[in-house]
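Per-entry structural report
This is what each chain is made of:
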Amino acid sequence: MSERYSRSDRVSEAIRRELAQLIATELKDPRVGMISLTAVEITPDYAHAKIFYTTMAEGEALAHIQEGLVRASGFLRRELGRRVRIHTTPALHFVHDETLARADHLSRLIDKALHSGPSSSSDD
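This is a predicted model, so every value here is computed, not measured. (Residues numbered from 1 in each chain as written. Predicted model: local features only at pLDDT ≥ 70, side-chain atom pairs only at ≥ 80, totals over all residues. Heavy atoms only, no water.)

Once that is clear, we can look at the layout of surface pockets. Taken as a whole, the largest pocket encloses approximately 380 Å³ of empty space. Along the walls of the largest pocket sit 16 residues, with Thr55, Met56, Ala57, Leu100 and Ala101 positioned nearest its centre. Per-element tally for the lining of the largest pocket: the top contributor is helix α3 (residues 99-116), with 4 residues. By residue class, the composition of the lining of the largest pocket is 7 nonpolar, 4 polar and 5 charged. (1 Å grid on protein atoms, 1.4 Å probe; cavity = no way out; pocket = protein on both sides within 12 Å on 5 of 7 lines; lining within 4 Å. Points joined across faces, edges and corners; volume = space filled by probe spheres on them. Helix = DSSP H or I, 4+ residues; strand = E, 2+ residues; numbered from the N terminus. Nonpolar A, V, L, I, M, F, W, Y, C, P; charged D, E, K, R; others polar.)

Spelled out as structure tokens, the structure:
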């Protein structure tokens, strides 16, 4: 029988859910505005977790968000340890998820190509 969701998947989802709530309700750092946590990848020994997030911010604002998340990682890890019962609370590593930005960019390129292509109608 194949497992649909491994323990590691369940732990990753619990971490994502709890961190999202902590960031939204407990984190007071003004640098960290509206972000969405998209995924969590956890190492097999639960020592490290990559937290992927998206935001509408760009450039310098994105750098400030990253700084705020890194600065808050100790607080978030401590609170996570109180909420999620696992033998090791992982070190948190925040990574900007560029999937949505890339998808938006590709969509714009496709739209531009469709609108600037050769005209198929000629009235000669």
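Moving on, we get to the packing of helix α1 (residues 7-25) against helix α2 (residues 59-83). Interaxial distance between α1 and α2 falls to 10 Å at its minimum, and their mutual angle equals 120°. By the angle between their directions, the pair α1 and α2 is classed as oblique. Note that α1 runs across α2; the crossing there is right-handed. Taking contact as the criterion, the partners of Ile15, Glu18, Leu19, Gln21, Leu22 and Ile23 in α1 are, on α2, Leu69, Leu76, Glu79, Leu80 and Arg83. (Axes fitted to C-alpha atoms, helices over the stretch in contact; angles between N-to-C directions. Parallel < 35°, antiparallel > 145°, perpendicular 65-115°, else oblique. Left-handed = near helix turned anticlockwise from the far one by under 90°. Contact = heavy atoms within 4.5 Å.)

This brings us to the pairing of strand β3 (residues 91-96). Direction of pairing for strand β2 (residues 48-54) relative to β3: parallel, over a ladder of 6 bridges. Bridge pairing in β3 places Lys50 opposite His93. Taking the sense of rotation as the criterion, the β-α-β connection linking β2, α2 and β3 turns out right-handed. (Pairing = 2+ DSSP bridges. Right-handed = clockwise from strand over helix to strand, strands pointing away.)

These values are about where atoms sit, not about what they do.
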